[in-house]
Amino acid sequence: MALTARRTRRGVPLWVYVLALVLVPQSGVGMLTTAVVRHQQGEVDSAQRAELAVQALAQLDAARNGVEHEIVPALSLAVVNDPGLAVMLGLPLAALADIAEQTAAGVGEARRTTDAAFEALPGSVADSPLVARARQALTDLRARVDGGDPDLDSSYFAYVDVSNVLAQAQNQAAAAASSEEVPAATLRATRDVEIVAALGQASARVFPLFLTSQLDAGGLSAGAQISGESAWLAYQDAQRRMTDVSQPALLAAWERARTTPAITHLNDLLSAQADGTLGRLGFAELGAALAEGAERDATLNRLVADAVASARDLAAADAARAQEARENALQLGLGILLVGGAAATALGLRMGRALGGLAEQAGRVSEGRLVHVAVAGPREVRTVSAALGSVVASLRQVQAQAAAVARGDLDDDLLDQPLPGALGEAVHASVRQLVTSVRHREELQVALAHQATHDPLTELPNRAQAVAAVSGALHRAQRNGSTTGLLFVDLDGFKTVNDRHGHACGDEVLRVTARRMQSVVRAGDTVARLGGDEFVVLVEQIEDEHELVHLAERLVEAVAAPVDVNGIGVRIGASIGVAVSRDGSTDADAFFAEADTAAYRAKAHGRGRAEVFDDDLRRQLTARADTEAAIAAGLAAGEMQLHYQPVHDVSRGVVSGFEALVRWYRPNIGPVPPDQFIPVAEASTLICDIDRWVLREATRQLAEWRTAAGLTPAEPGPTIAVNISGRHLAEPRVVADVVEALSASGLPARLLVLEVTETVLISDRVAYDHLAALRDIGVGIAIDDFGTGYTSIGQLRHMPVDTLKIDRSFIGSTDPGHRELVSLMIRAAHTFGLTVVAEGVEEHEQLERLRAEECDHVQGYLLHRPLPAEEAGALLGVVLTV
């Protein structure tokens, strides 16, 4: 589920698509608006540049006009300073000083006007190469004029050169204004400025030449004459071009100006001068002509100013219109963006809410929450919502069916209701199959639970179930203060039945005995089989201990009745120990121990009877508890030792192995016989601790002997046999305990032999599996005291064993039947690939008989008693002749 959620979150969310839906058209509108605004801004910039160009044109015209207006005062000053010209003009000599002063003042005024015009030029125009060149030329010219240069022609042409340079700058400004993308009216107004400025320039040039021709006594030079004629023609052409002016007001102003008496009279003088019909004028007439020239120049300057103002106003209006158009386009674009964005956002939100709600509901459904799916939104969304709702309804039905299965209601009618569609049919079939599987599983669980808690032979509760039942009964007794009884039933003579009639007969006897015991006890009492020939009976809510004794006597009587097995009458008996707990204060293990101890005393007192656990037995249990504590302390204090009884190879006479036997040397007491502490240890987990210690010590000792003898791990050598208790074999750690001992000592697994009893192999499946696992890692397995248990020879082929150890009772018996049985055991073991070890060999005759029967190995007092480690190690490689 988490992986699916992560994969779902990796996808592109809906808001991205909605945003794209909004942004794509909005981006187009934005780009179009930007393009329009840029175009309008271009028009604004073009109109502004045109306006600046017209302004520059006007300012350059003012500067050029100022330069040309310096010509006449400069020429006049030259005349005044020349006495000959003054006499020729009839100027009174006495007045020359005043005239010179006035003329000099006029020159200064004209120069200041020109300089002011230059200073008014904008930086981009003033710094241009043409203007800079004109200013430098004017500065040089003024210096020459101030130096008294009498050459009027050269002075005139020098001023004209400066004017021409400024005229070129004007032409550039006019071209710049005309090159901009401006309306036709603005373009025509710009051309009107050029026409009027050209008229003013022509007028300013023609009058100084007229004045020079009147003042030069020697007549004009050829260059001056040509210049004069050209200036006159340019002036006439400029007057004719005034008819091309596009602005009616400007044209009307020109018509009024050119018909004024001053301009008309001046034009007549200039025309007569050009025709050669005009004589030399007197001082008064020249003065009048100068006044008329000044009036004409002022009139033309006004016309230029009006033309410039009109062109500048038109350019400014163009810029304002373009600015307004740009703002309108920008506002329109922004409006479209806002309206479109709002509309697209509203639509996207509507779709987003519908799809988002559907996605959220689908997500909850995917998480297992079967929520209600609302059908809303556009038609397609409603269709999907309805489909999802149908799926949720089907899932709810599946959920209800699964809930019925989960609560175990397999007969619910809901499980028979099919789901729609092919998928529904498949799911319903799966549910039916699941129901069938659950039923089978429940049946199997019941069977497995029964097998785990019941003895497969008698169908009685097994040891684990008996312990649990006793624990529960004691807890209930603690709560209600009732008395609980436990009867430990140990069958008498059952081994004889197995030996004489076989295990099949013994199994039938056990089944019959179990049924008889169940028929004797009360309803609610528990009969359990602990294993082998041991049973217990749990009795709760008893009023008097005598009830338990009477029940035990009835059980003894029932068990003692003959059992008919295939026409053979078989008899067994029972020794019963009775333990009583009056308030449930004891624990289950102690309760079992008390009943077991009482049963042991019943056997000791003649069998076929019942004994009640009393103070004497309690003292025995206390002694056992003390012994257990002493065993634990002895293990910790190193009081335990190992003795090693050699095992001899019969054919070669050499020591082929050792059996490790634990010995306890208790301080202040001395040696404790094994039969006094081993049974006590086997009744608790102490036997597991002893087994672990023996495993570690025995493997270490054999590894040490092999190292001292110079044997490598790969070389064959003596084995070490260690007895393992059934309790230890049933523990989960037994395999790890063996592996750890081998790893710590470095002893190869093939040199370790574990000895177990027949009962362990037959009655404990867990121990059986552990032995198989140990054998798989190379450890040898031997059946100890074979013949004293319930194992038949035919079962040997199916057991995880390598060695058969024949019990000493068969070796030392003089019964011919026992001898035949030993011979049969050896042959059968060899047939199944097992080696045979005969225990308890104490006489030469026994050894020779075993050698004749081809027994593989022997051990016993005839050969060696159990020896301390130092003595046993010395026997490695020694050949013993017996």
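Residues numbered from 1 in each chain as written. Predicted model: local features only at pLDDT ≥ 70, side-chain atom pairs only at ≥ 80, totals over all residues. Heavy atoms only, no water.

## Brief notes about the overall build of the protein
To keep it simple, the criterion reads: Here a strand is any run of E in DSSP of at least two residues, a helix any run of H or I of at least four, and the numbering for each starts at the N terminus. We call a residue buried when its accessible area falls under 20% of the maximum for its residue type, exposed when it is over 50%, and partly exposed in between, using a 1.4 Å probe and counting protein chains only. Contact criterion: two residues are considered in contact whenever any of their non-hydrogen atoms come within 4.5 Å of each other. Surface exposure here means Shrake-Rupley accessible area, sampled with a 1.4 Å probe, where a residue is shielded only by the protein chains that are shown.
For the protein, the helix and strand inventory stands at 31 helices and 16 strands. Each of the 882 residues in the protein was classed as buried or not, and the buried ones make up 44%. Counting only contacts in the protein whose residues sit at least 6 apart along the sequence, the fraction spanning at least 24 positions is 71%. Only carbon and sulfur atoms are counted for the fraction: they give 55% of the accessible area of the protein, which is about 43,100 Å².

## Topic: the side chain of aspartate 784
Let me state the cut-off plainly: Residues scored as charged are limited to Lys and Arg (positive) and Asp and Glu (negative), so that His and the chain ends carry no count. Put simply, a salt bridge is a Lys or Arg side-chain nitrogen that is within 4 Å of an Asp or Glu carboxyl oxygen.
As for its placement among the helices and strands, aspartate 784 is situated in strand β13 (residues 780-786). Of the side chains with opposite charge, lysine 805 lies nearest to the buried aspartate 784, which makes no salt bridge, at 4.6 Å. What aspartate 784 contacts, discounting residues up to four positions off in sequence, is Asn723, Glu755, Val756, Thr757, Glu758, Lys805 and Glu839.

## Overview of unusual backbone geometry
Notably, glutamine 541 is not glycine yet its phi reads approximately 55°, a positive angle. Note on placement: glutamine 541 falls in strand β3 (residues 534-542). Residue glutamate 854 is not a glycine yet carries a positive backbone phi of 65°. Checked against the element boundaries, glutamate 854 lands in the loop between α30 (844-852) and β16 (857-858).

## Quick word on the packing of aromatic side chains
Basically, it comes down to this: Put simply, two rings from Phe, Tyr or Trp (the six-membered ring, in Trp's case) pair if the centres are within 6.5 Å, and we call them stacked under 30 degrees between planes, edge-to-face over 60, tilted for the rest. Criterion for a charge above a ring: Arg CZ or Lys NZ at most 6 Å from the ring centre, at most 35 degrees from the ring normal.
Taken as a whole and judged by the stated rule, the model has 3 aromatic pairs. Judged by centre distance (5.0 Å) and plane angle (70°), the ring pair of tyrosine 644 and tryptophan 705 falls under edge-to-face. Of the two residues, tyrosine 644 is situated in strand β8 (residues 640-649) and tryptophan 705 in helix α23 (residues 686-708); the sequence distance between them amounts to 61 residues. Taken together, the ring pairs connect Tyr644, Phe658 and Trp705 into an aromatic cluster. The ring of tyrosine 861 is capped by arginine 865, whose NZ or CZ atom sits 3.9 Å from the centre of that ring.

## Let's talk about the packing of helix α25 (residues 734-745) against helix α27 (residues 765-776)
Between two packed helices, the angle of one axis relative to the other and the distance separating the axes together describe the packing. Our working definition: Here an angle of 0 to 180 degrees is reported between the N-to-C directions of two axes, which are lines fitted to C-alpha atoms, with helices fitted over the stretch in contact. Orientation labels follow simple angle bins: below 35 degrees gives roughly parallel, above 145 gives roughly antiparallel, 65 to 115 gives roughly perpendicular, and whatever is left gives oblique. Note on convention: near helix rotated counterclockwise from far helix by under a right angle means a left-handed crossing. Clockwise means right-handed. Under the convention adopted here, Pro, Cys and the residues Ala, Val, Leu, Ile, Met, Phe, Trp and Tyr are nonpolar, Asp, Glu, Lys and Arg are charged, and Gly plus all remaining residues are polar.
In the contact formed by α25 and α27, the axes pass within 9 Å of each other and the chain directions differ by 30°. Between α25 and α27, the crossing angle belongs to the class labelled roughly parallel. When the axes of α25 and α27 are compared, the crossing they make is right-handed. Each of Val734, Val735 and Val738 in α25 lies in contact with α27, whose residues at this interface are His770, Ala773 and Leu774. Within the contact of α25 with α27, the residues separate by chemical class into 5 nonpolar, 1 polar and no charged.

## Things to note about the pattern of salt bridges
Scanning all chains against the criterion turns up 29 salt bridges. Between glutamate 540 and arginine 476 there is a salt bridge, with its nearest N and O atoms 3.0 Å apart. With glutamate 540 in strand β3 and arginine 476 in helix α16 (residues 463-480), the pair connects residues that are 64 residues apart, well separated along the chain. With relative accessibility at 22%, the residue glutamate 540 sits in the partly exposed group. Residues arginine 601 and glutamate 611 are paired through a salt bridge, measuring 3.4 Å at the closest nitrogen-oxygen approach.

## Describing the pairing of strand β11 (residues 719-723)
The following threshold applies: By this definition, two strands are paired if DSSP reports at least two bridges between them.
When strand β9 (residues 655-666) meets β11, the two strands line up parallel, connected through 4 bridges. Looking at the pairing, alanine 660 lines up with valine 722 of β11.

## A closer look at the packing of helix α18 (residues 503-520) against helix α19 (residues 545-560)
Relative to each other, α18 and α19 sit at 145°, their axes nearing to 9 Å. Classified by chirality, the crossing of α19 by α18 is right-handed. Contacts between α18 and α19 involve Thr513, Arg516, Met517 and Val520 on the former and, on the latter, Leu551, Arg554, Leu555, Ala558 and Val559. A per-class count over the contact of α18 with α19 returns 6 nonpolar, 1 polar and 2 charged.

## Remarks on the sheet that holds strand β1 (residues 483-492)
Spatial ordering of the open sheet is given by β2-β3-β1-β6-β7, a layout of 5 strands whose pairing is mixed. Two strands lie at the open edges of the sheet, namely β2 (526-531) and β7 (610-612), each paired on one side alone. Between one strand axis and the next, the sheet turns by 20° as a mean value, whatever way the strands run. Bridge count between β2 and β3: 5 bridges; the pairing is antiparallel. Note that in β3 the partner of alanine 528 across the bridge is valine 536. Relative to strand β6 (residues 573-581), helix α20 (residues 588-604) is tilted by about 140°, and along the sheet it contacts β1, β2, β3, β6 and β7.

## Here we look at the confidence of the model for the protein
The following threshold applies: The quantity called pLDDT is the predictor's confidence in a given residue, expressed from 0 to 100.
Averaged over every residue, the pLDDT of the protein is 80; residues scoring 70 or more account for 83%. Below pLDDT 50 for its whole length, residues 1-8 participates in 2 contacts with residues either more than four positions away or in separate chains.

## Comments concerning α19
The line we're drawing: To estimate how far a helix should reach, multiply one less than its number of residues by 1.5 Å. Directions are taken from the helix axis to each C-beta atom, and the arc is the one they span.
With 16 residues, α19 extends 23 Å between its outermost C-alpha atoms, agreeing within 8% with the 22 Å of an ideal straight helix rising 1.5 Å per residue. Buried residues of α19: Leu548, Leu551, Ala552, Leu555, Val556, Ala558 and Val559, and no others. For α19, the angular spread of the buried residues around the axis is 165°, confining them to a single face. Along α19, exposed side chains directed more than 90 degrees from the buried face belong to His546 and Glu557.

## Some remarks on the environment of arginine 849
When you line up the elements, arginine 849 lands in helix α30. Each C-alpha atom, one on arginine 849 and one on isoleucine 811, is 9.7 Å from the other, the two residues being 38 residues apart in sequence. Once residues lying within four places of it in the same chain are set aside, the contact partners of arginine 849 are Ile811 and Arg819.

## Observations regarding the pairing of β8
Within β8, 9 of the 10 residues are buried, which leaves it mostly tucked inside the rest of the structure. Strand direction decides the pairing type here: β8 and β9, joined by 9 bridges, are antiparallel. Across the sheet, proline 646 pairs through a bridge with phenylalanine 658, a residue of β9. Where β8 folds back onto β9 in an antiparallel hairpin, the turn is made up of 5 residues, including glycine 653, whose phi is positive at roughly 75°. In this sheet, β16 lies alongside β8 in antiparallel orientation, the contact comprising 2 bridges. Within β16, the position partnered with aspartate 649 by the bridge is histidine 857.

## Thoughts on the environment of alanine 558
Considering the arrangement of structural elements, one finds alanine 558 in helix α19. Each C-alpha atom, one on alanine 558 and one on arginine 516, is 6.3 Å from the other, the two residues being 42 residues apart in sequence. Sequence-distant contacts of alanine 558, defined by excluding residues within four places in its chain, comprise Arg516 and Val520.

## Some points on the side chain of threonine 484
With respect to the helices and strands, the residue threonine 484 is situated in strand β1. Not counting chain neighbours up to four residues away, the residues in contact with threonine 484 comprise Ala473, Ala477, Leu538, Val539, Glu540, Ile542, Ala579, Val580, Ser581 and Phe591.

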